[in-house]
Amino acid sequence: MKIAQRKLSPLSLAVLTLLFERPMHPYEMAQTLKDRGKEQSIKLRYGSLYTVIESLERDGLIAPKEISREGKRPERTVFAITEQGRDALEIAMSDLLAQPVKEYPQFEAALSLMPVLPPDRVVPLLKKRLIALKTEQSAVTTGIEEAKRMGLPPLFVVETNYRLATLDAELRFVTQLVADIEGGAWGGLDEWRGFHATREGKPM
């Protein structure tokens, strides 16, 4: 398999993107991602970051450029993206932006297994989720408004706007789901309640 065709993780792509801007050492990479709020979209752990860097170097996508030292701090290796790394980054990003990929979010999995809990228990849980979603929606909206006040162009908060759009969609979906279940006319609701009544030994 060609390196450019290998599937790259989001963190790998983040490292390549940073090095596409300019050479950096790992600590600077981590700090830059944190300063830009990328940990909201990309799972960032320092241990994982160093593992990714080692993997990218092994595959020839990045390479050491120089060793730097600041004061009495340990030596730090500054990495730069290679030509092969630029090609891999372009291919991976083109695929991710153009091709929808089936993902497996935890909430979707929970919905598929939801009948294991009785309806009367599911509704309060979904209402609790609505509260959490509204809290997050408010926080994300505040972040977007702050970015506007700072004069940041939309390009730098595009992932945050996407997150807000997904939150809005999930809020509408869960709100309607709760209303459907509480309304009593939702398809399969009688069978759902009957299943739990039978398992608990209650008369249907």
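This is a predicted model, so every value here is computed, not measured. (Residues numbered from 1 in each chain as written. Predicted model: local features only at pLDDT ≥ 70, side-chain atom pairs only at ≥ 80, totals over all residues. Heavy atoms only, no water.)

**Student:** Help me out: how do you make sense of the nonpolar core in this one?
**Tutor:** One broad rule of soluble globular proteins: the nonpolar side chains tend to lie buried together. Ranked by internal contacts, the top residues of the largest apolar core, which has 24 residues, are Leu 8, Val 15, Leu 16, Leu 19, Met 29 and Leu 56. Elements represented by at least two residues in this core include exactly helix H1 (10-21), helix H2 (26-35), helix H3 (46-58), strand S2 (76-81) and helix H4 (83-98). It is H1 that provides the largest number of residues to this core, a total of seven residues. In contact with Leu 19, other than residues within four places in its own chain, are Met 24, Met 29, Ile 62, Phe 79, Ala 80 and Ile 81. (Core = buried A, V, L, I, M, F, W, Y, C linked by side-chain atoms within 4.5 Å. Buried < 20%, exposed > 50% of the residue type's maximum accessible area, 1.4 Å probe, protein only. Helix = DSSP H or I, 4+ residues; strand = E, 2+ residues; numbered from the N terminus. Contact = heavy atoms within 4.5 Å.)

**Student:** Honestly, the environment of Asp 190 in this entry has me stumped. Any pointers?
**Tutor:** Mapped onto the fold, Asp 190 is located in helix H8 (residues 189-199). Owing to a relative accessible area of 61%, Asp 190 belongs among the exposed residues under this scheme.

**Student:** What is the right way to look at the environment of Arg 73 in this model?
**Tutor:** One can find Arg 73 in the loop between strand S1 (62-68) and S2. Accessibility expressed as a relative area gives 44% for Arg 73, which makes it partly exposed. The spacing of Arg 73 and Ala 139 is 66 residues in sequence and 37 Å in space, taken between C-alpha atoms.

**Student:** Hey, could you run me through the packing of aromatic side chains in this one?
**Tutor:** Centre distance and the angle of the planes are the two values used to describe a pair of aromatic rings. In this structure the tally under the stated criterion is one aromatic pair. Judged by centre distance (6.2 Å) and plane angle (55 degrees), the ring pair of Trp 186 and Trp 192 falls under tilted. Residue classification places Trp 192 among the buried positions, given a relative accessible area of 7%. Positioned above the aromatic ring of Tyr 104, the side-chain terminus of Lys 102 is 5.3 Å from the ring centre. Over the face of the ring belonging to Phe 107 we find Arg 129, whose NZ or CZ atom lies 3.6 Å from the ring centre. (Phe/Tyr/Trp six-rings, centres within 6.5 Å; stacked < 30°, edge-to-face > 60°. Lys NZ or Arg CZ within 6 Å of the ring centre and 35° of its normal.)

**Student:** Which parts of the structure should I look at to understand a nonpolar patch on the surface?
**Tutor:** Side chains of Met 150, Leu 152, Leu 155 and Phe 156 sit close together on the surface and give an oily, nonpolar patch of about 450 Å² of accessible area. Relative to the helices and strands, Phe 156 resides in the loop between helix H6 (119-149) and helix H7 (158-183). (Patch = residues over 30% accessible without salt bridge, like charges linked within 9 Å, V, L, I, M, F, W, Y side chains within 5 Å. Areas by Shrake-Rupley, 256 points an atom, 1.4 Å probe, with all protein chains shown as cover. Salt bridge = Lys/Arg side-chain N within 4 Å of Asp/Glu carboxyl O.)

**Student:** Explanation requested: H1 in the structure shown.
**Tutor:** One full turn of an α-helix is made of 3.6 residues, so residues set three or four places apart face in the same direction. Its 12 residues give H1 an end-to-end C-alpha distance of 17 Å, which sits within 8% of 16 Å, the value for a rise of 1.5 Å per residue. Among the structural elements, H2, H3, S1, S2 and H4 are those in contact with the buried residues of H1. (Expected span 1.5 Å × (residues − 1).)

**Student:** What should I look at first to understand H7 in this one?
**Tutor:** Between its first and last C-alpha atoms H7 spans 37 Å; for 26 residues at 1.5 Å apiece the expected length is 38 Å, and the two agree. Along H7, the residues classified as buried are Leu 164, Leu 167, Glu 170, Leu 171, Val 174, Leu 177, Val 178 and Ile 181. On its buried face, H7 is in contact with helix H5 (106-112), H6 and H8. A positive phi of about 85 degrees marks Gly 184, the residue just after H7.

**Student:** Explain the side chain of Glu 170 here, please?
**Tutor:** Along the polypeptide, Glu 170 turns up in helix H7. Since its relative accessible area comes to 17%, Glu 170 is described here as buried. For Glu 170, the side chain forms a polar contact with the side chain of Arg 129, separated by 2.6 Å. In this structure Glu 170 touches Phe 107, Arg 129 and Leu 133, once residues within four positions along its chain are discounted. (Polar contact = N/O pair within 3.5 Å; in protein donor to acceptor, adjacent residues only side chain to side chain.)

**Student:** Explain the packing of H6 against H7 here, please?
**Tutor:** How two helices pack is summed up by the angle between their axes together with the distance between the axes. Interhelical geometry of H6 versus H7 gives an angle of 155 degrees and a closest axis separation of 9 Å. Accordingly, the angle class assigned to the pair H6 and H7 is roughly antiparallel. The way H6 lies across H7 gives a crossing that is left-handed. Across the contact of H6 with H7, the residue classes tally to 15 nonpolar, five polar and eight charged. (Axes fitted to C-alpha atoms, helices over the stretch in contact; angles between N-to-C directions. Parallel < 35°, antiparallel > 145°, perpendicular 65-115°, else oblique. Left-handed = near helix turned anticlockwise from the far one by under 90°. Nonpolar A, V, L, I, M, F, W, Y, C, P; charged D, E, K, R; others polar.)

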